[in-house]
Amino acid sequence: GKVGRTEHDALKIPLTAGDDYGVVAVKAIIKPHGRYGKPLVVDLPLDGVSAKTVSQTSYRDLTAHPYAGLDVDIVLQAIDGAGQSGFSKPQRFTLPARVFTNALARALIEQRQVLATGDVRQRSRVTDTLDALTIAPDKFYQDQINVYLGLRTIYWSMKSANESADYARVQDLLWQMATNLERGGLMSAAEQLRRLQQMITQALEQGSPQGVI
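Everything in this summary refers to the structure shown in the same document. (Residues numbered from 1 in each chain as written. Predicted model: local features only at pLDDT ≥ 70, side-chain atom pairs only at ≥ 80, totals over all residues. Heavy atoms only, no water.)

## Re helix H4 (residues 145-159)
Then, number 1: Helix length check: H4 (15 residues) gives 21 Å between terminal C-alpha atoms against 21 Å at 1.5 Å per residue, within 8%.
Then, number 2: Taken together, the buried positions of H4 are Val147, Tyr148, Gly150, Leu151, Arg152, Ile154, Tyr155, Ser157 and Met158. (Helix = DSSP H or I, 4+ residues; strand = E, 2+ residues; numbered from the N terminus. Expected span 1.5 Å × (residues − 1). Buried < 20%, exposed > 50% of the residue type's maximum accessible area, 1.4 Å probe, protein only.)

As structure tokens, this is what we get:
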């Protein structure tokens, strides 16, 4: 069946496989379409052990993965009791992604994707972009010193990175900062709503004209 998404942004993976030796394992191999990047291999649990025919649907929340939001090619791999593998035809699909409304958070998520799917030549571009995002702290981060310091930490982590584990850590830091920014934005919006409700309540209590309210 066709890969899809649920209303809660989980990846829906229907699979059908059959083998005389019995299917003992199924994996979904996910690669960025037309880009570099390591394959994401997702083990899919089987309802039965070594069943000769398998027909089921699996669900995976991949919204926190760097490939979320990207076009990917998904191939299912079925492994039988003799250790032989069969592969499905690749399906192209856009992975479900978390929606970020904060502009800076979106920029950080984009750099995380570039880092995850780019080759080594893209790394200097990510470093330069992170540096550019903090070019005028007195103008853009006057009341957000923690955001500025966080960005500089990620920049220096990127600049000093040498091994794949270092770049993976930068990706983690970018995700943490983006989600914190988004959470902060939601909190500030909620705070604004509370203040507005307080002002309306106060205006009603004071008998203010309808036009004022």
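Let us keep going from here.
## Some words on the packing of helix H1 (residues 103-117) against helix H2 (residues 123-132)
The relative placement of two packed helices comes down to the angle between their axes together with the axis-to-axis distance.
Then, number 1: Following both chains from N to C, one finds H1 and H2 inclined at 165 degrees, their axes separated by 9 Å at the closest point. In this view, H1 runs roughly antiparallel relative to H2, as classed from their interaxial angle. Regarding H1 and H2, the two cross each other, and that crossing is left-handed. In contact with Leu108, Gln111, Val114 and Leu115 of H1, H2 contributes Arg123, Arg125, Val126, Thr129 and Leu130.
Then, number 2: For the contact of H1 with H2, the per-class residue count stands at five nonpolar, two polar and two charged. (Axes fitted to C-alpha atoms, helices over the stretch in contact; angles between N-to-C directions. Parallel < 35°, antiparallel > 145°, perpendicular 65-115°, else oblique. Left-handed = near helix turned anticlockwise from the far one by under 90°. Contact = heavy atoms within 4.5 Å. Nonpolar A, V, L, I, M, F, W, Y, C, P; charged D, E, K, R; others polar.)

## Structural notes on the pattern of salt bridges
Then, number 1: What the rule picks out here adds up to five salt bridges.
Then, number 2: Between Asp43 and Lys27 there is a salt bridge, and its shortest N-O distance comes to 2.7 Å. Taken together, the positions of Asp43 in strand E3 (residues 40-44) and Lys27 in strand E2 (residues 11-32) put the pair 16 residues apart, joining distant regions of the chain. (Salt bridge = Lys/Arg side-chain N within 4 Å of Asp/Glu carboxyl O.)

## Some words on unusual backbone geometry
Then, number 1: Despite not being glycine, Asp9 has its phi angle at roughly 65 degrees, a positive value.
Then, number 2: Inspection of the secondary structure assignment puts Asp9 in the loop between strand E1 (4-5) and E2.

## Observations regarding the environment of Asp43
Then, number 1: The partly exposed category is assigned to Asp43, whose relative accessible area is 48%.
Then, number 2: Through-space distance from the C-alpha of Asp43 to that of Val26 is 6.3 Å; in sequence the pair is 17 residues apart.
Then, number 3: Every residue in contact with Asp43, bar those within four places of it in the chain, is listed here: Val26, Lys27 and Arg60.
Then, number 4: Within the structure, the side chain of Asp43 is placed 2.7 Å from the side chain of Lys27, a separation counted as a polar contact. (Polar contact = N/O pair within 3.5 Å; in protein donor to acceptor, adjacent residues only side chain to side chain.)

## Overview of the pairing of E2
Then, number 1: As paired elements, E1 and E2 share two bridges and run antiparallel to each other. Directly across from Gly4, in E2, lies its bridge partner Lys12.
Then, number 2: Between the antiparallel neighbours E1 and E2 lie five residues, among them Asp9 with a positive phi of about 65 degrees.
Then, number 3: Looking at chain direction, E2 and strand E4 (residues 51-60) are connected through nine bridges and run antiparallel. Residue Lys12 lies in a different strand from E4, and its bridge partner there is Tyr59. (Pairing = 2+ DSSP bridges.)

## Digging into the side chain of Thr63
Then, number 1: By the element assignment, Thr63 lies in the loop between E4 and strand E5 (71-80).
Then, number 2: Within the structure, Thr63 has its side chain in polar contact with the side chain of Asp61 (distance 2.7 Å).
Then, number 3: Leave out the neighbours within four places in its chain, and Thr63 touches Asp9, Ala68, Pro96, Ala97, Arg98 and Trp175.

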